[in-house]
Amino acid sequence: MSDIGDWFRSIPFITRYWFAAAIAVPFIGKLGLVDFRNLMLFPELVFSRFQLWRPVTASLYFPITPNTGFLYLVNLYFLYHYSSRLETGAFDGRPADYVFMLLFNWICIVITGLLMDMRLLMIPMIMSVLYVWAQFNKEMIVSFWFGTRFKAHYLPWVILVFNFIIGGSFVNELTGNLVGHLYFFLMFKYPMDLGGRCFLSTPEFLYRFFPNTRGGVTGFGVPPPRRPVPQEPAAGGGGRRHNWGQGFRLGGE
């Protein structure tokens, strides 16, 4: 148990609590401690009965059944893996900026969910973060099932097809990809690459709650770095298990 505790404490701060909530809320519904229907998004109950917790719980809840359990575990892995990489990579030392990204994506996904009568928002939220990671690392070579390899830029769309095959829908994944694209375009692509107006900036109050852990400059002042294409170690050595979308840099671990 101490090993599990050490591993859990090693997860970056924001990802750690999101990951824990994404486990706790589905199991609360699974065990019947709360009626699972109270955890889902019903627009009429949000607006007519002011059940304002639903947009939050719907972003964390996922039904765990024999038919959905595998899909839940795969997306839980995506949450842990790509949120951790973003928090310790592009957003390293800038927790307020990362929280703002999550809030922006969440608000957009909730609005979309209310308009499209979506009940569950967990997958769109995870996919929006994965999409942003893929944009920061678009030239990285990643590996997927059956030894397939491609640039990270294509990963969100490969996962969309993958989840469609095992889950039977692609609306959730598409929503997450589009929201992630909207954030990245407004925060980075449009103002930095295209010289347009900056429409998004992290509110100052978030810096008071989540101060930078290093350096003295808040926000992002430079565009995402252009990285050379890394090469991945040849597949088949060392009995490596499946790496769902995990990329490896030349000379890395």
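Residues numbered from 1 in each chain as written. Predicted model: local features only at pLDDT ≥ 70, side-chain atom pairs only at ≥ 80, totals over all residues. Heavy atoms only, no water.

The name given to the chain in an unreviewed UniProt entry is Derlin, with the source organism recorded as Crenichthys baileyi. According to the UniProt record, the Function (unreviewed entry) comment for the chain is "Functional component of endoplasmic reticulum-associated degradation (ERAD) for misfolded lumenal proteins. May act by forming a channel that allows the retrotranslocation of misfolded proteins into the cytosol where they are ubiquitinated and degraded by the proteasome." (UniProt positions renumbered as here; feature names shortened; annotations may be inferred.)

Caption draft 1: A look at the environment of C108. Within the secondary structure, C108 sits in helix α6 (residues 95–116). Between the C-alpha atom of C108 and that of L178, which follows or precedes it by 70 residues, the distance is 9.8 Å. (Helix = DSSP H or I, 4+ residues; strand = E, 2+ residues; numbered from the N terminus.)

Caption draft 2: Region of the structure containing the nonpolar core. Grouped together as the largest cluster of nonpolar side chains are 68 residues, with contacts concentrated most on W18, L86, Y98, M101, W133 and Y183. Among the secondary structure elements, those contributing two or more residues to this core are α2 (13–30), α3 (43–48), α5 (69–88), α6, α7 (122–136), α8 (155–167), α9 (171–193) and α10 (204–209). Here this core takes eleven residues from α7, the largest share from any one element. When residues no more than four places from it in sequence are discounted, the contact partners of Y98 are I14, T15, W18, S83, L86, E87, F91 and V129. (Core = buried A, V, L, I, M, F, W, Y, C linked by side-chain atoms within 4.5 Å. Buried < 20%, exposed > 50% of the residue type's maximum accessible area, 1.4 Å probe, protein only. Contact = heavy atoms within 4.5 Å.)

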